[in-house]
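Here are the chains, one letter per residue:
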Amino acid sequence: MKTIQELEEIRKRTLETINLRKDQTGTRVVIGMATCGIAAGARPVLLAIMDEIKKHNLSDVIVAQTGCIGLCVYEPIVEVYKPGQEKVTYVKVNPSKAIRIVNEHIMKDKVVQEYTIGTETK
Amino acid sequence: MEMYRSHIMICRGTGCSSSNSEQIAKNFEEQIKIHGLDKEIIVERTGCFGLCALGPIVIIYPEAAFYSQVKPEDVEEIVKEHLVKGRVVKRLLYAETVVEDRIKSINEVNFYKKQKRIALRNCGVINPEDIDEYIAFDGYKALTKCLTELKPEEVIDIIKKSGLQGRGGAGFPTGVKWGFAAAAKGDVKYVLCNADEGDPGAFMDRSVLEGDPHAVLEAMTIAGYAVGGTQGYVYVRAEYPIAVKRLGIAINQAKEYGLLGKNILGTGFDFDIEIRLGAGAFVCGEETALIASMEGERGMPRPRPPFPANKGLFGKPTLLNNVETYANICNIINKGPEWFSSMGTEKSKGTKIFALGGKINNTGLVEIEMGTTMREIVEEIGGGCPNGKKFKAAQTGGPSGGCVPAEHFDVPIDYENLKAIGSMMGSGGLIVIDEDNCMVDIARFFLDFTVDESCGKCTPCREGTKRMYEILEKIIDGKGEEGDIERLESLAKNIQASSLCALGQTAPNPVLSTLRYFRDEYEAHIKEKRCPAGVCQALLQYKINPDICTGCTICARNCPVDAISGKRKEPHVIDQSKCTKCGICMEKCPFKAIARG
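So, here is what we can say about the structure in this document.

Scoring rules and cut-offs
Position numbers for residues count from 1 along each chain, tracking the sequence in the order it is written. Following the order in which they are written, the chains are lettered starting with A and the ligands numbered starting with 1. Reporting in this predicted model follows two pLDDT cut-offs: at least 70 for local features of residues, and 80 or more for side-chain atom pairs to be given and counted; totals over whole chains, interfaces and linings ignore these cut-offs and use all residues. Excluding hydrogens and water, the side-chain values take into account all heavy atoms of the structure. Strands are runs of DSSP state E lasting at least two residues, helices are runs of H or I lasting at least four, and both sets are numbered from the N terminus onward. Residue exposure (1.4 Å probe, protein chains only): buried if accessible area is under 20% of the type maximum, exposed if over 50%, otherwise partly exposed. The contact criterion used throughout is that any non-hydrogen atoms of two residues lie within 4.5 Å. For the purpose of charge, His is not counted, nor are the chain termini; Lys and Arg are scored as positive and Asp and Glu as negative. The atom standing in for a charge is NZ when the residue is Lys, CZ when it is Arg, CG when it is Asp and CD when it is Glu. Here the quantity called buried area is the total loss of accessible area, with a 1.4 Å probe, experienced by two parts when brought into contact, counted for both. For this analysis, a salt bridge means a side-chain nitrogen from Lys or Arg found within 4 Å of a carboxyl oxygen belonging to Asp or Glu. Between N or O atoms, a polar contact is any pair within 3.5 Å; within protein, one atom must be a potential hydrogen donor and the other a potential acceptor, and residues adjacent in sequence are included only when both atoms are from side chains. By convention, a stacked pair of Phe, Tyr or Trp rings (six-membered ring in the case of Trp) has centres within 6.5 Å and planes under 30 degrees apart, an edge-to-face pair has planes over 60 apart, and any other such pair is tilted. Definition used: whenever NZ (Lys) or CZ (Arg) falls within 6 Å of the ring centre and also within 35 degrees of the ring normal, the charge is taken to sit over that ring. Only when DSSP finds a minimum of two bridges between them are two strands counted as paired.

Points about the overall build of chain B
Each helix and strand counted, chain B has 23 helices and 20 strands in total. Taking the principal axes of the C-alpha coordinates as reference, chain B spans close to 90 × 65 × 40 Å. Looking at chain B as a whole, 59% of its 597 residues qualify as buried. When contacts within chain B are restricted to residue pairs at least 6 apart in sequence, long-range pairs at least 24 apart make up 69% of them. Charged side chains in chain B number 74 positive and 80 negative. The centres of these two groups are separated by 3 Å.

Below you can see the structure in the form of structure tokens.
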């Protein structure tokens, strides 16, 4: 038999995994997953991001994919959309960079400047 | 639970299942495995999304991409493009959601925009076979609140204040009914759910049970607490196998979690629910017949009073509500009676689910606020008649209801207004009739149903409906005579006044309401031996226009009974004594020289 507290825990836990079916207001992380992105290693990046989100129990973040952005030379590309803020585009991302992006940008609002498209293409 | 970046929601309601949605779900699972995505993407089987005309439906989150009429062979493309590469397959999207440069969200399209999904809130959103998902969307919160914070009489008070009326058809105030059952004295009290949905074309109860079974179980448990009942039964038709299965799963899960059974949530309250299967007799939707059937007797009604609230199942006080009524309860408890009564019209509160069928583009299930007009339902949500035909009427309330003619399409729909124009809310079947339908034929269709379903216990219903049916047959066969309309009317009044139960009392409604608004069609059949809509075979004649006919002989060669004769390159003629009015000649004529009339 479940107690009322246990019911509340089930509610919280399950909601975290299924609330992406509701209207989204939080952060969107978009990964370029066209042939160029996949060839450059976008999938391990995507998995690393998902793992990190799960590890920290982040509920208001969704992970989406997109096709080719046109900058194939800089793939894997990850874009982070935070509500009310400019889009930030990270290029040549690998799993360890991805983990830093989640920890600093998504969780603490600190853009990882050195991985952004502005820095990389200078 | 694992974290998934994408959820694939596949409708496994009866509609989409019959067009192979299980195979689609299996293909998705297989393809996702092939592409190594099974750790990141989950396939969920859900209840009905409502837009049954475009099934099978698949919705993929987080994009909320709405794929319609998906075929099992489309799955590979969706997985390769959408899930692997993030490119939505526009070709397969519901066309309404695609605008030039972006995809509209579901709530922006006409079909959903005007809807207010309260009883259907979880249908298509959760996996109905997973109690955790129901709990996540505030499931069993209302029960917790009732058991820990509210006294039984306070619960009843909330339901009374909300203004909720029985959604099964009659519209009796639910809170008042609960009050009667609570006041009744008895050592045992029963709480029943009427899921014996029988109106032709109505399937909202089925969809709620298939898509959100826990909502009904939770509400029944609350009802049990409010009226002092300890045992609940859901009486559901055996013809609803998916609903029965999911209900069974839900009951077991609720028991496992201690949400049914002894000492619920440690509060000391006991309540249990069992399923009873009905054999699909329409009359068993009537409460006393339903109870008789559950007791193992033949499903026949008995006179009231005593009402079931005092003397129901096994002679004990019994509360009986419809599925859709129960589906509203938890929301009312959670959000308060004021929230519920702020929706709707002055006298009819909340929302109502309608099953759209007949001559309409978006066949399916819609939930609208009371007070929405028929025009909004049929034209905006329903997308109008196919092939640009004109509306003639909408039939509501099934065989107990009547028709709303096009001239009343701007009347706000609620219990009172529908009654005033000679129809009724009923369980919510809504059949759209266009210019190609004959109203006499429609009336006969519904009467045929009630003649068939009459249990035979009382004479007015058993004999009266049969006699009415015979008169209609006669009219349709071209043998109608002066006085038939009056005979129909007098029979109808007698049957209404003297039948034992609602089945008989309402059986003449389809005839009376078509007579009220389409008397001219009846008169054309009787006096002119003509069917204005061109439906009644016996009153039709196929004729070849000699000015257009080129003598190509195609009609003569295609006629199955050799009723057409004529020389090559000369106009042909149809021998009316041989013609069976099958219409093949008209279909085959390349010059449109054959007319029906």
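Considerations on the interface of chain B and chain A
Opposite the 40 residues of chain B that make contact, chain A presents 30 residues. Of the roughly 3,200 Å² buried at the junction of chain B and chain A (both faces included), carbon and sulfur atoms supply 63%. Three residues stand out in chain B for area buried against chain A, namely Met3(B), Arg5(B) and Phe137(B), and they jointly supply 20% of the buried area on that side. At the junction of chain B with chain A, the criterion picks out one salt bridge. Arg43(A) serves as the salt-bridge partner of Glu40(B), at 2.7 Å between the closest nitrogen and oxygen. The tally of links between chain B and chain A comes to seven residue pairs in polar contact (both at pLDDT 80 or more).

Let's talk about the packing of aromatic side chains
With the rule as written, the count across this model stands at 13 aromatic pairs over all chains. An angle of 10° between the planes, with centres 6.2 Å apart, marks the rings of Phe269(B) and Phe271(B) as stacked. A residue is classified by how much of its surface remains accessible, and Phe269(B), at 12% relative accessible area, is buried. Summarising the aromatic geometry, the rings of Phe445(B) and Phe446(B) are spaced 5.1 Å apart at their centres and angled 80° between planes, so their arrangement reads as edge-to-face. Counting every residue linked through ring pairs, the aromatic cluster contains Phe66(B), Tyr94(B), Phe111(B) and Tyr112(B). We note Lys2(A) situated over the ring of Tyr257(B); from NZ or CZ to the ring centre the distance is 4.7 Å. Above the plane of the ring of Tyr240(B) lies Arg206(B), whose end atom (NZ or CZ) is 5.7 Å from the centre.

So, the pairing of strand β15 (residues 402-405) of chain B
Residue and element names in this part refer to chain B. Two elements, strand β14 (residues 391-396) and β15, share four bridges in a ladder whose sense is antiparallel. Across the sheet, the residue bridging to threonine 396 is glycine 402, located in β15. Between the end of β14 and the start of β15, which pair antiparallel, lie five residues, with glycine 397 showing a positive phi angle near 80°.

Remarks on the pattern of salt bridges
Pairing is possible between side chains of opposite charge, provided their charged atoms come close. Within this structure, the stated rule accounts for 47 salt bridges over all chains. Asp109(A) is the partner of Lys82(A) in a salt bridge, and the nearest nitrogen-oxygen pair spans 3.2 Å. In this pair, Lys82(A) sits in the loop between β3 (78-81) and β4 (88-90) while Asp109(A) sits in the loop between α4 (95-108) and α5 (117-120), placing the two residues 27 residues apart along the sequence. Between Glu463(B) and Arg467(B) there is a salt bridge; the shortest N-O distance is 3.1 Å. Of this pair, Glu463(B) and Arg467(B) both sit in helix α18 (residues 459-476), four residues apart, roughly one helical turn. Judged by relative accessible area, which is 32%, Glu463(B) ranks as partly exposed. The network of salt bridges with common partners includes Arg12(B), Glu22(B), Lys26(B), Glu29(B) and Arg45(B).

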